[in-house]
Amino acid sequence: MGRRSQMKARRKELPQLTPDGREVVSKATARFVRSGPRKLALVAELIRNKSVDEALEILQFTHKPSAVPHVEKILRSAVANAANVAPDPYDLVIGDIRVESGPMMKRIRPASMGRAVRVRKRLSHIHLTLTNP
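One structure accompanies this document, and this report is about it.

Definitions and limits used
Every chain begins its residue count from 1, and numbering advances along the sequence as written. Owing to the predicted nature of the model, reporting of local features is limited to residues with pLDDT of at least 70; listing and counting of side-chain atom pairs is limited to 80 or more, with chain, interface and lining totals taken over all residues. Here the side-chain values reflect all heavy atoms present in the structure, with hydrogen atoms and water set aside. Helix and strand assignments follow DSSP, with helices taken as H or I runs no shorter than four residues and strands as E runs no shorter than two, numbered in order from the N terminus. Just to be clear on terms, a salt bridge is a Lys or Arg side-chain nitrogen sitting within 4 Å of an Asp or Glu carboxyl oxygen. Residue burial is assigned from relative accessible area. The probe radius is 1.4 Å, only protein chains are included, and a residue is buried under 20% of its type maximum, exposed over 50%, and partly exposed in between. Two residues qualify as a contact provided that any one of their heavy atoms is within 4.5 Å of a heavy atom in the partner residue. Nine residue types can take part in a nonpolar core, namely buried Ala, Val, Leu, Ile, Met, Phe, Trp, Tyr and Cys, and a core is a set of them joined through side-chain atoms within 4.5 Å. Strands were regarded as paired on the criterion that DSSP finds at least two bridges between them.

Details of the environment of Asn84
So, step 1. Along the chain, Asn84 turns up in the loop between helix H4 (67-82) and strand E2 (93-110).
So, step 2. In this structure the C-alpha to C-alpha distance between Asn84 and Val25, which are 59 residues apart in sequence, comes to 10.0 Å.

Quick look at the structure:
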């Protein structure tokens, strides 16, 4: 085994930690989500540092269009990923949820007097990690 493969093996042994120092149990990522990052960040702020059960309940009763199809979907994906590791994944806590801006789709819309106006359709990337309480 060469030096590079030894370094990779050693790197995998270290537990991943969230910014506040808790060990990551499960991760999920949704990329190129067809919703703006500011809209998703509002929903993400509601469930940050909440338990999975509490977060699902909050998302169910949130009147934001991006709550159910995007954020709840990635949360359920992280719970499914944690089912292999944790005995009861619904007891876990959302350690970190980040919403980053993705690429923009640029479209053109006709405007008055023969002009064209650029329409920017924003995309987002959502990263969610579950930790032990």
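A closer look at the pattern of salt bridges
So, step 1. The full count for this structure, using the stated rule, is 4 salt bridges.
So, step 2. Between Glu45 and Arg48 there is a salt bridge whose closest N-O contact spans 2.4 Å.
So, step 3. A relative accessible area of 27% places Arg48 in the partly exposed class.
So, step 4. Its salt-bridge partner being Glu100, residue Arg98 comes within 2.6 Å of it at the nearest N-O pair.

Topic: unusual backbone geometry
So, step 1. Positioned with a positive phi, Phe32 is a non-glycine residue whose angle comes to about 60 degrees.
So, step 2. Take Phe32: it is sitting in strand E1 (residues 24-33).
So, step 3. Judged by its relative accessible area of 45%, Phe32 is partly exposed.
So, step 4. Of note in the backbone geometry, Asn49 takes a positive phi value of approximately 65 degrees without being a glycine.

Describing the side chain of Ser124
So, step 1. Checked against the element boundaries, Ser124 lands in strand E3 (residues 116-131).
So, step 2. With residues up to four places along the chain from it excluded, the contact list for Ser124 reads Ala30, Arg31, Phe32, Val33, Ser35, Gly36, Pro37, Leu40, Val99, Glu100 and Gly102.

Overview of the nonpolar core
So, step 1. Of all hydrophobic cores here, the largest spans 26 residues; its most connected members are Leu75, Ile94, Ile97, Leu128 and Leu130.
So, step 2. Those elements that place two or more of their residues in this core are E1, helix H2 (37-47), helix H3 (52-60), H4, E2 and E3.
So, step 3. The element best represented in this core is H4, accounting for 7 residues.
So, step 4. Discounting chain neighbours no more than four positions away, the residues touching Ile97 are Ala44, Ile47, Arg48, Val71, Ile126, His127 and Leu128.

Describing the pairing of E2
For a regular strand, the rule is simple: side chains alternate between the two faces of the sheet.
So, step 1. Bridging between E2 and E3 involves 15 bridges; their strand directions are antiparallel. What sits directly across from Arg109, in E3, is Val117.
So, step 2. Where E2 folds back on E3, the antiparallel hairpin that results is connected by 5 residues, among which Met113 adopts a positive phi of roughly 60 degrees.

Considering the side chain of Thr131
So, step 1. Counting through the fold element by element, Thr131 comes out in strand E3.
So, step 2. On the basis of relative accessibility, which here comes to 0%, the residue Thr131 falls in the buried class.
So, step 3. Setting aside anything within four residues of it in sequence, one finds Thr131 in contact with Thr18, Arg22, Glu23, Val24, Val25, Leu92, Val93 and Gly95.

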